[in-house]
Amino acid sequence: MTKLLNKVNYPTDIKNFSDEELKQLADELRQETISAVSKTGGHLGAGLGVVELTVALHHVFDTPDDRLIWDVGHQAYPHKILTGRKNQMETLRKGGGLSGFTKRDESDYDSFGAGHSSTSISAALGMAVARDKLENNNEVIAVIGDGAMSAGMAFEALNNAGDIDSKLIVILNDNDMSIAPPTGAMRAYLAKLISGRTYNAVRNFAMKAVKHLPDYFERAVKKTEQIAKDVVVGGNFFEEMGFDYIGPLDGHNLDHLLPVFRNIKKSRDKRPYLIHVVTEKGYGFESPEASAEKFHAVRKFDVETKVQSKATAKAKNYTDIFAEVLIKLAKQDEKIIAITAAMPSGTGINKFAKEFPERTYDVGIAEQHAVTFAAGLACEGFKPFCAIYSTFLQRAYDQVVHDVAVQNLPVRFALDRAGLVGADGPTHAGSFDVAYLGCLPNMVLMSPSDEAEFANMIATAADYNDGPIAFRFPRGEGVGIEIPEDLKVLEIGKGRIVINNEKPDVTIISYGTRLQEVLIAIENLQKNNISVAVIDARFAKPLDEQLIKDFAERSKLVVTVEEGSVGGFGSFVAKLLTDNDLINNVTKFRQMVLPDIFINHDEPYNMYNIAKLNAKDIEELVRNILEK
C-alpha cells in the first residue's frame, strides 16, 4: 500500500482525498506522531487523541486562511506534521528546533501561540470579530480540550461569544469523558441532520415568518423548536450560553466528523457553534507504563516496547523533595492542606494525595480559584500550601494581591519550575515571580540553594502564620545534599555566609540554586588572587539588610546572582545599597539576572549560557569590573 503521508506536505495536499484515504492518512499520522515523539520526548497523549480531528479539520477547512486555534498547543503535534513541518519533527523541543507548542513565528498555520491553557476561545472570538469588521468570509475554529474547559477564562469567552452575532466554531475536545459519552451512530446522524442546510433553511424561514405574527405565536414556535432540539440532541448549558450545540460525536470516527464539519463550513449564519467531540487521550497507543494521565508527557521511548528511557538520577528531584517534606509535616500538623491546579504529578501533590486524600484539592485549571480558595481556608485557621508553577501563578495575580496580600493571610505558595525550564521554553519559564511577588506588601519570599535549605524552607512556611509566604524552586535534580532528619525553621529574613572574608575584593550574593555556579566561578577567581565572600541570601523579602550592608561596606564589588527577571532580588539589593549610599567610587554593584528577552527552548545549560548566568559568565563579569 502506498504511504499517503509521503505525499502530504501541506493541507492542500489532502483536499482531494476520499473519505477512505483520509482514514488511511489518520492511521499513518498516528504512527508518525508516535515515531517522532519516541525520538524527542514530549506531549504524546493529547496529540494522539486528536489525529482524526486534525485530519478532518485540515481537509474540510481552508487553513491557514481559515484560522485554526489549538488550545494549550500540546494537542498540535499531528497538526505540525500536516502543515509543512513533517521533516522537522525530530527537532521537536530541541535547541533551534520546533516548539512543543503552537507558535506564530514558526508557521502561518499556527494562528495563535499557546503554552498555557484556556485561551483559544477568547483569541478565536477576537479573530472572528476582526474578520467581520474587515468584511472577510474566512472561518475561525477553536479547539479546546484536555481539561482546558475547567478554566474560568473559557467560560468568560463563551459568555461573550454567545452575545455577539459572529460565526465562531468551538470544538470541545472532551478527552476525559467529563461531560457526556458518545452514543453511537444515531447520535452522529442526528448531529449531521441538525447541522445541515435543510434543517437550518427551514429553521431560518420559520423564524423570519413568525416575526410578522403576534408575539405569543413567535414564543410558541421558539418553544416548540426548543422541545424538538431537546428530543433530538439534548438541550444543554452551551445552548443556554447562545451556542448551537452539536454532538457529542465520536472524535475517532471520520464518518461522524466530516459531514458535520462540511455542513458547518457551508453555513453562512452569523452565530457561534459548539461541536462536542469525545476522544480518548493516548488513543492507539497501548503501553505497559500507561497511567491515569494517558501519557500526557513522555521521555524518549522504544516504539516496539513502549517503555520510556530513564536517566540515572544523581540526586533527588526538588518536586519529590517537596512532596516528601510536606507529607512529613502534615503527619505532625493536621491543619496542612495541599492545593493544586490540575498539576498533581507536576507539583508532587499526587504523592501527598495518596497519604492525605481528604486534605488534597485539585481544583482543575483554575489558578484564580485555587488562590482564593486557599485564602478562605487560611481565614479559618488552616495552613494551605498552594502548589502552582511559577509561570501559572501569573494567571492568578489579582487574587494573590487582593485576596491574600491585602488581607495578610497566611497562604503558602510553593512555586515549582522557577527559572529556565528547558524544552518547554518561554511559556513555562519561571522568570517573573520574584518581581511580581516582591512588590507586594506583607509577602515573604524564599529560594533554596540546595536540598537541605529547601526542606528547611518548607518547614519554615508551615510554621509561619504572620502573612503570605512563597518559596520558589527549580525543575529537576538537586545537588546531592542530604535532607536533614530534624527540619529547621529559619529565621525570617536571615541569610547565611557561605564563604567569609574580612576584606573581599568581591562579595557575591546568590539567591536560589545559581549558588552552585557561583562556587565554581570563585575557584578560578581565588586562584588569581581575587579575594571573595559569598552569601546565600535565602530571602529576597525581607532582605538580611545588616548582613548585606556589612559586606558592601568592605567590598570593592558587590554582585547579585539570581535566576529571575529584572525587578527581582537584585533590584531589592540595589535599593538597599543606594538608600544607604553604599554604591560609590569604592564599592561597585552589578546585578546578574535573566536578560530582558524570552529565551527559546533548549537544554537548560544552553539557556543559561544565553542568559549569561553560568559559572564562566560570573567569573568574567567579576574579572572585567575589577580589572577596570
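Basis of the calculations
- Residue positions are counted from 1 within each chain, in the order its sequence is given.
- The predicted origin of the model limits local features to residues at a pLDDT of at least 70 and limits the giving and counting of side-chain atom pairs to 80 or more, whereas totals for whole chains, interfaces and linings rest on all residues.
- As a convention, hydrogens and water are excluded, and side-chain values are obtained from all of the structure's heavy atoms.
- Whether two strands pair comes down to DSSP finding at least two bridges between them.
- In DSSP terms, a helix is any run of H or I states spanning at least four residues, a strand is any run of E spanning at least two, and both are numbered starting from the N terminus.
- Structural elements are reduced to axes, namely lines fitted to C-alpha atoms, with helices fitted over the stretch in contact, and the angle between N-to-C directions of any two is expressed from 0 to 180 degrees.
- Put simply, buried Ala, Val, Leu, Ile, Met, Phe, Trp, Tyr and Cys residues joined by side-chain atoms within 4.5 Å make one nonpolar core.
- Relative accessibility thresholds used throughout: buried, under 20% of the residue-type maximum; exposed, over 50%; partly exposed, between the two (1.4 Å probe, protein chains only).
- Contact criterion: two residues are considered in contact whenever any of their non-hydrogen atoms come within 4.5 Å of each other.
- Salt bridge criterion: a side-chain nitrogen from Lys or Arg within 4 Å of a carboxyl oxygen from Asp or Glu.
- This arc is built from the directions going out from the helix axis to the C-beta atoms.
- When the near helix sits turned anticlockwise from the far one by under a right angle, the crossing is termed left-handed; a clockwise turn instead gives a right-handed crossing.
- Each residue is assigned to one of three groups, with Ala, Val, Leu, Ile, Met, Phe, Trp, Tyr, Cys and Pro labelled nonpolar, Asp, Glu, Lys and Arg labelled charged, and all others, Gly among them, labelled polar.
- Just so you know how the angles are binned, under 35 degrees is roughly parallel, over 145 roughly antiparallel, 65 to 115 roughly perpendicular, and the rest oblique.

Q: How would you sum up the sheet that holds strand β6 (residues 272–278)? Please name residues and give values.
A: Two modes of strand pairing occur in sheets, parallel and antiparallel, and in both the strands are linked by backbone hydrogen bonds. Ordered by their spatial adjacency, five strands build an open sheet running β2-β3-β4-β6-β5, and the pairing between neighbours is parallel. The sheet is open, and its two edges are formed by β2 (67–70) and β5 (244–250), each paired on a single side. The mean angle between the axes of side-by-side strands here comes to 15°, regardless of whether they run parallel or antiparallel. When β5 meets β6, the two strands line up parallel, connected through five bridges.

Q: With reference to specific residues and values, describe the nonpolar core.
A: Counting 48 residues, the largest nonpolar core has Val371, Cys386, Leu393, Phe413, Leu437 and Phe569 as the members making the most contacts within it. When residues no more than four places from it in sequence are discounted, the contact partners of leucine 437 are Leu393, Val400, Leu415, Met443, Leu445 and Ala470.

Q: Let's hear about the sheet that holds strand β16 (residues 532–536): which residues, and what values?
A: Pairing in this open sheet of five strands is mixed, and the strands run β14-β16-β15-β18-β19 from one edge to the other. Both outer strands of the open sheet, β14 (496–499) and β19 (588–592), are each paired with one neighbouring strand and no more. Each neighbouring strand pair of the sheet contributes to a mean axis angle of 20°, computed without reference to strand direction. Strand direction decides the pairing type here: strand β18 (residues 557–562) and β19, joined by five bridges, are parallel. Looking at the pairing, valine 561 lines up with methionine 592 of β19. Along the sheet face, helix α22 (residues 569–579) touches β15 (506–511), β18 and β19 and points at about 165° away from the line of β19.

Q: If you had to explain the pattern of salt bridges to someone new, which residues and values would you point to?
A: A side chain with one charge can pair with a side chain of the opposite charge if their charged atoms come near. By the definition in use, this model includes 34 salt bridges. A salt bridge links arginine 93 to aspartate 424; its shortest N-O distance comes to 2.7 Å. Taken together, the residues arginine 93 in the loop between α4 (77–85) and α5 (120–133) and aspartate 424 in the loop between β11 (412–415) and α18 (433–438) connect sequence positions 331 residues apart. Note that arginine 496 is salt-bridged to aspartate 536, the shortest N-O span being 2.9 Å. Placement of arginine 496 in strand β14 and of aspartate 536 in strand β16 is noted, with a sequence separation of 40 residues between them. A relative accessible area of 24% means that arginine 496 is categorised as partly exposed. When salt bridges that share partners are traced, they join Asp450, Glu453, Arg496, Asp536 and Arg538 into one network.

Q: Report on helix α6 (residues 152–161), specifying residues and quantitative values.
A: Looking at α6, one finds that the buried residues are Ala154, Ala157, Leu158 and Ala161. Along α6, the residues classed as buried sweep out an arc of 100° about the axis, all on the same side. Summarising the geometry of α6, the exposed residues directed more than 90 degrees from the buried face are Glu156 and Asn159. Buried residues along α6 sit against α5, β3 (140–145), β4 (168–174), α10 (237–240) and β6.

Q: For the packing of helix α21 (residues 545–553) against α22, give the residues involved together with the corresponding values.
A: Direction vectors running N to C along α21 and α22 enclose 65°, while the axes themselves pass 11 Å from each other. Crossing hand, α21 versus α22: right-handed. Facing α21, whose interface residues are Glu545, Ile548, Lys549 and Ala552, α22 presents Val573, Leu576 and Leu577. Split into classes, the residues belonging to the contact of α21 with α22 amount to five nonpolar, no polar and two charged.

Q: Residues and numbers for the pairing of β4, please.
A: Burial of β4 is extensive: seven of the seven residues sit out of reach of the surface. Residues of β4 alternate between two faces, with Leu168, Val170, Leu172 and Asp174 on one and Ile169, Ile171 and Asn173 on the opposite face, all of them buried. Two elements, β3 and β4, share five bridges in a ladder whose sense is parallel. Residue pairing across strands places isoleucine 141 opposite isoleucine 169, the latter belonging to β4. As paired elements, β4 and β6 share seven bridges and run parallel to each other. Following the sheet pairing, leucine 172 is matched in β6 by histidine 276.

Q: I'd like a rundown of the packing of helix α1 (residues 19–40) against helix α11 (residues 254–266), residues and numbers included.
A: For the pair α1 and α11, the least separation of the axes is 11 Å and the interaxial angle reads 120°. By the angle between their directions, the pair α1 and α11 is classed as oblique. Our pair here, α1 against α11, has a crossing hand that is right-handed. The segment α1 lies against α11, with Asp19, Leu22, Lys23 and Ala26 engaging Leu254, Asp255, Leu258 and Arg262.

So yeah, pure geometry; function would need other evidence.
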